[in-house]
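Understanding the architecture of this molecule
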Amino acid sequence: MKLLVTPLRARIVEATWEESQAAIKALSVTNPAYYPAIRRGARGVPKKVCLLESGKIFLAGLVPLLVRKLAKLGMSVEIQEEGCQELPVNRPVSSRMLSGIHLDPDQVRAIEACLAKRRGYIKAVTGFGKTEVLLGVYEALRPVRALMVVTRRGLRQQAIERAGKRLAGPVVYLRRGEPLPDKGLVITTYHTLHRLLFGATSRASRTAADPRVRDWCAGVGLGLFDECHRLPGEQFLRCVKAI
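Notes on the structure follow. Just so you know, these numbers come straight off a predicted model, no measurement behind them.

What counts and how
Here the residue numbers are simple positions, counted from 1 along each chain's written sequence. Two thresholds apply to this predicted model, a pLDDT of at least 70 for residue-level local features and 80 or more for giving and counting side-chain atom pairs, whereas whole-chain, interface and lining totals are computed over all residues. Excluding hydrogens and water, the side-chain values take into account all heavy atoms of the structure. Counting from the N terminus, the helices are the DSSP runs of H or I reaching at least four residues and the strands are the DSSP runs of E reaching at least two. Only protein chains enter the accessibility calculation, which uses a 1.4 Å probe; a residue is then buried when its area is under 20% of its type maximum, exposed when over 50%, and partly exposed in between. Shrake-Rupley sampling with a 1.4 Å probe provides the accessible areas, and residues are treated as covered by the protein chains on show and by no other component. Residues scored as positive are Lys and Arg, those scored as negative are Asp and Glu, and His as well as the terminal groups of each chain are ignored. Lys charges are placed at NZ, Arg charges at CZ, Asp charges at CG and Glu charges at CD. Salt bridges are defined as contacts in which a side-chain nitrogen from Lys or Arg sits within 4 Å of a carboxyl oxygen from Asp or Glu. Criterion for a disulfide: a pair of cysteine sulfur atoms at a distance within 2.5 Å. Patches here are clusters of residues that have more than 30% relative accessible area and form no salt bridge, with a 9 Å joining cutoff for like charges and a 5 Å cutoff for nonpolar side chains (Val, Leu, Ile, Met, Phe, Trp, Tyr). Only buried Ala, Val, Leu, Ile, Met, Phe, Trp, Tyr and Cys residues count toward a nonpolar core, and they belong to the same one when joined by side-chain atoms within 4.5 Å. Contacts are assigned to residue pairs that have any heavy atoms within 4.5 Å of one another. Strands are labelled as partners when DSSP assigns at least two bridges between them. Every axis corresponds to a line fitted to the C-alpha atoms, with the helix fit spanning only the stretch in contact, and the corresponding angles, defined between N-to-C directions, vary from 0 to 180 degrees. Crossings are assigned a handedness: left-handed for a near helix turned anticlockwise from the far helix by less than a right angle, right-handed for a clockwise turn. Any residue outside Ala, Val, Leu, Ile, Met, Phe, Trp, Tyr, Cys, Pro, Asp, Glu, Lys and Arg is labelled polar, Gly included; the first ten of those are nonpolar and the last four are charged.

1. Quick notes on the overall build of the protein chain
Across its full length, the protein chain holds 9 helices and 12 strands. Seen through its C-alpha atoms, the protein chain measures out along the principal axes to roughly 50 × 50 × 35 Å. The burial tally for the protein chain puts 40% of its 243 residues in the buried class. When the accessible area of the protein chain is evaluated, it comes to approximately 13700 Å², of which 51% is carbon and sulfur surface. Taken together, the 40 basic and 21 acidic charged side chains of the protein chain have centroids lying 8 Å from each other.

Here is the structure:
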């Protein structure tokens, strides 16, 4: 299989039928809406969703996952990168790079791996300190326009408090009507980001999209997504693709 990889997207440009089917299976994940729908008694919600668009395009961060799963099947992947430049690391990675905490060696290695690969996902046990790893990646690249997206308001507040303790620069909460900083770390939820980017048309609330936010997101240099296993959900995926 041959992939053309840009900073945000990957495209399958050459593959046999067996490789294409293996890619579909590798990038098919559990639909986050399936089990809640079952509990409500709803029907017709698919259990699996495929992250391949038109059978060929997917998020570049999933390239390591696809390569690893195909390797288990004895299939090799050739990667051609286009427009992928080395990240402008402005601060050395060390155990003392964040304020008020001493990063352990595994966290330091995770930060170094993220910076070296430019994309990907962090999979670790509960309590590993994944938030500190994300903040470490941001700190190494600061000043950069960065957006951290979390799943719930409670987690948003926790992330803002932790980032405020660990980082020297400002931390901003993204919401309607607030000024958007040119640089720095902005934190929001998937729900808020979706409403700002695409508006809301539910019976309870009708709000228009905020064009300022879409323009601002186009200039984001670093995207940090919490609970990324939820990304197959339509709302989550739309937010990621808009950045």
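Okay, back to it.
2. Points about the pattern of salt bridges
Using the criterion set out here, one finds 7 salt bridges in the structure. With its nearest N and O atoms 3.6 Å apart, the salt bridge here joins E132 to R166. Remark: R166 occurs in helix 6 (residues 153-166) and E132 occurs in helix 5 (residues 130-141); sequence separation between them is 34 residues. With respect to class, E132 is no different from R166; both count as buried. Residues R145 and D182 are paired through a salt bridge, measuring 2.7 Å at the closest nitrogen-oxygen approach. One end of the pair, R145, is in strand 7 (residues 145-150); the other, D182, is in the loop between strand 8 (171-173) and strand 9 (184-189), with 37 residues separating them in the sequence. When salt bridges that share partners are traced, they join R91, E139 and R142 into one network.

3. Quick look at the state of the cysteines
In the structure shown here, the tally under the stated rule is 0 disulfides. Free of any disulfide, C239 has its nearest neighbouring cysteine sulfur in C217, separated by 8.6 Å.

4. Some points on a positive patch on the surface
On the surface, K47, K48, R68, K69, K72, K117 and K123 cluster together into a positively charged patch. No other element matches helix 3 (residues 63-72), which puts 3 residues into the positive patch.

5. Focus: the nonpolar core
Ranked by size, the top nonpolar core spans 27 residues in total, and within it Y138, M148, L185 and L222 carry the most contacts. Elements supplying a minimum of two residues to this core: helix 4 (105-117), helix 5, strand 7, helix 6, strand 9 and strand 12 (222-225). Top contributing element to this core by residue count: helix 5, with 7 residues. Those residues in contact with M148 that lie beyond four places of it in its chain are L134, L135, A159, L185, V186, I187, T188 and L224. Listed in part, the 21 residues of the second largest apolar core include M1, L3, V63 and L66.

6. With respect to the sheet that holds strand 2 (residues 9-14)
Read across the sheet, 4 strands follow the order 5-2-1-6 without closing on themselves; strand pairing throughout is mixed. The sheet terminates laterally at strand 5 (57-59) and strand 6 (78-81), the two strands that pair on one side only. Recorded for the sheet is a direction-independent mean angle of 30° between the axes of neighbouring strands.

7. Structural notes on unusual backbone geometry
Cis geometry marks the peptide bond from R142 to P143, where omega comes out at 5°. With respect to the helices and strands, P143 occurs in the loop between helix 5 and strand 7.

8. Section: the packing of helix 7 (residues 190-198) against helix 9 (residues 234-241)
One way to put it is that helix 7 packs onto helix 9 with a least axis distance of 9 Å and a crossing angle of 65°. Between helix 7 and helix 9 the crossing geometry is left-handed. Residues Y190, H191, L193, H194, L197 and F198 of helix 7 form the contact with helix 9, whose participating residues are Q235, F236, R238 and C239. In the contact of helix 7 with helix 9, the residues fall into 6 nonpolar, 3 polar and 1 charged.

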